[in-house]
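Listed below are the residues making up each chain.
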Amino acid sequence: MGTDDHDRIEAAARALRDGDLVILPTETVYGLAADATNARAVARLYEAKGRPAFNPLIAHVADVAAARRIARFDPRAERLAGRFWPGPLTLVLPAIEGGVCDLTRAGLDTVAVRAPSHPTAAAVLKAFGGPVAAPSANRSGRPSPTTFADAMEETGATAALGLDGGACAVGLESTVVALLDEARLLRPGAVTRAAIEAVIGPLAEAEADARRSPGRLARHYAPNAPVRLEAASPRPGEAWLAFGHAPAGEGVWNLSPSGDLTEAAANLFAFLRAADRARPTAIAVAPIPVEGLGEAINDRLRRAAGFVG
Ligand code: TXA
Ligand code: MG
C-alpha cells in the first residue's frame, strides 16, 4: 500500500479512537464501523442504521490473539479460527468481561467475533488495535452494500470517513456459528455448512427464537419492490434475476450465466439493488440450487421476499 493508503488507514484509526463512524470495506460486505468498547460510538451506530436495539453486533479483530482478549475460545473455536481466519466466519462465544461494551453485545453475555481478510479492514484493525463493531453498512432491513457507492448511499452521511476498498469479493455476509453448547449455525453465509462440518462435525440448527441471531429476522435484506421467488420466467413489468443460461436484455440481471454459485453470491445484493432502481412491479428470481453457497443465497432471498426462515 502507498503513503496515501497509509494516511487513510491512520485517519480511519484516529476517527475510531475519537468515537466517530467509518465506512469500512470487508471481503463480505461493507461495514459501518465504531470502537466496540465505546458505548457512545456504538449507540451512534445503532442510530445510523435505524437498528432495533436488541440486535447484537460483530466485534471485528485483527487476529486470534485479539479475539482471545474479548471471547473465551474452546478447542472447536481454535480449530475453526485456525482454518478460516482471517475470513468470512463469525464465532459467537462466551464474552470476557470488559472486552467490548454491553451495547455491542446488546446486553448478552456472549460476543460475536471475526477477523476479516480484506487488506484495508485488516490494516485498520491493526492500526486501531482494539475490537471494532461493524454491522453491514445498510440501513436496517435493506440489502447489504457490496460497493463503496452503495455503502455511501446507505449510511455514508453518518460516517466521518469512508474507505473505498472496491467491490466486495464475496458479496454475502459471514457465516455465524455459535459455540456455546452444541455448535449451531445461526446464519448461513460465505463459509458453507459442509466446510465447517468438515472441521468440527455436525452443526445443529438455529433455534426458532430469532432473537438469538436477529440477522435471521424475516424481511431483512429487503429491496423496495416485492420479491417473487422460484420464478420460471418474468411477468410483464417485473425485473428478472436470472441464474444460468438465459437471454440477456433490459430488465434482466443474470446472477451467473455459467450457473456458478460463488459468482451469484458476489452479485446478489448489487443486482437486487440495481433491479430495484428500475422500479419494477416486482423482482422475479429464478430458482437457485440449495447446495454449498446456495444455502446462504436462498436464505437471503427468502428474507428479501419477507418469509420467515
Ligand atoms: O460479513 C459480515 O458479517 C458483515 C461484515 C461487515 O463483517 N457484518 C454483518 O454484521 O453482517 P451484521 O451486524 O449485519 O450481522 C451480525 C449478525 C446478526 O445476525 C446478529 O444477530 C449476529 O451476527 N450476532 C451478533 N452477535 C451475536 C450474539 N452474541 N449472539 C447471536 N448472534 C449474534
Ligand atoms: Mg446486516
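In short, a report on the structure. As the structure is a computational prediction, the values presented were derived from the model and not from experiment.

A few points about the overall build of the protein
Here is step 1: Assigned secondary structure in the protein consists of nine helices and 14 strands.
Here is step 2: Here the C-alpha radius of gyration of the protein, 19 Å, is about what a compact globule of 309 residues would show, namely 19 Å.
Here is step 3: Across its three principal directions, the C-alpha atoms of the protein cover 55 × 45 × 35 Å.
Here is step 4: Within the protein, buried positions represent 56% of all 309 residues.
Here is step 5: Contacts in the protein between residues at least 24 apart in sequence constitute 67% of all its contacts with a sequence separation of at least 6.
Here is step 6: Element-wise, carbon and sulfur atoms account for 53% of the exposed surface of the protein, whose accessible area totals about 12800 Å².
Here is step 7: The centroid of the 33 positive side-chain charges in the protein is displaced by 3 Å from the centroid of its 35 negative side-chain charges.

Thoughts on unusual backbone geometry
Here is step 1: In this chain, Trp-85 is followed by Pro-86 through a cis amide linkage whose omega measures -10 degrees.
Here is step 2: Looking at the element boundaries, Pro-86 is found in the loop between α4 (75-84) and β4 (89-94).
Here is step 3: Although it is not a glycine, Ala-106 sits at a positive phi angle of roughly 50 degrees.
Here is step 4: Mapped onto the secondary structure, Ala-106 falls in the loop between β4 and β5 (110-114).
Here is step 5: For Arg-279, which is not glycine, the phi torsion reads 50 degrees and is therefore positive.
Here is step 6: Within the secondary structure, Arg-279 is located in the loop between α8 (261-277) and β14 (283-285).
Here is step 7: Given a relative accessible area of 76%, Arg-279 falls into the exposed group.

Section: the layout of surface pockets
Gaps left between atoms show up when a probe the size of a water molecule is rolled over them.
Here is step 1: Space inside the second largest pocket adds up to approximately 220 Å³.
Here is step 2: Forming the walls of the second largest pocket are Arg-142, Pro-143, Glu-153, Asn-224, Ala-225, Arg-273, Asp-276, Arg-277, Arg-279 and Pro-280.
Here is step 3: Here the element with the most residues in the lining of the second largest pocket is α8; it accounts for three residues.
Here is step 4: Taken together, the residues of the lining of the second largest pocket break down into three nonpolar, one polar and six charged.
Here is step 5: Looking at the lining of the second largest pocket, you find at least three residues from each of domain 1 (3-212) and domain 2 (227-304).

Rules used throughout
- Along each chain, numbering runs from 1 in the same order as the chain's sequence is written.
- In the order they appear in the text, chains get letters beginning with A and ligands get numbers beginning with 1.
- Selection of residues for local features in this predicted model requires a pLDDT of at least 70, selection of side-chain atom pairs for listing and counting requires 80 or more, and totals for whole chains, interfaces and linings are taken over all residues.
- Side-chain descriptors were evaluated using all non-hydrogen atoms of the structure, hydrogens and water having been removed beforehand.
- Strands are runs of DSSP state E lasting at least 2 residues, helices are runs of H or I lasting at least 4, and numbering of each runs from the N terminus.
- We compute the radius of gyration over the C-alpha atoms and compare it with the globule rule, which gives 2.2 Å times the number of residues raised to the power 0.38.
- For every residue, the accessible area (1.4 Å probe, protein chains only) is compared with the maximum for its type, and the residue is labelled buried under 20%, exposed over 50%, or partly exposed between those bounds.
- Between two residues, a contact is recorded if the distance between any of their heavy atoms is within 4.5 Å.
- The method behind every accessible area is Shrake-Rupley, applied with a 1.4 Å probe, and residues are considered shielded solely by the protein chains displayed.
- This count recognises Lys and Arg as positive and Asp and Glu as negative, with His and chain-terminal groups excluded.
- Every charge is mapped to an atom, namely NZ of Lys, CZ of Arg, CG of Asp or CD of Glu.
- Using only the protein atoms, space was sampled on a 1 Å grid; points where a 1.4 Å probe fits but cannot get out form cavities, open sets with protein on both sides within 12 Å along at least five of seven lines form pockets, and lining residues are those with an atom within 4 Å of a point.
- Grid points are joined across faces, edges and corners, and a volume is the space filled by probe spheres set on the points.
- Lys, Arg, Asp and Glu make up the charged group, whereas Ala, Val, Leu, Ile, Met, Phe, Trp, Tyr, Cys and Pro make up the nonpolar group; the residues left over, Gly among them, are polar.
- As used throughout, domain bounds are those supplied by an automatic or database domain assignment.

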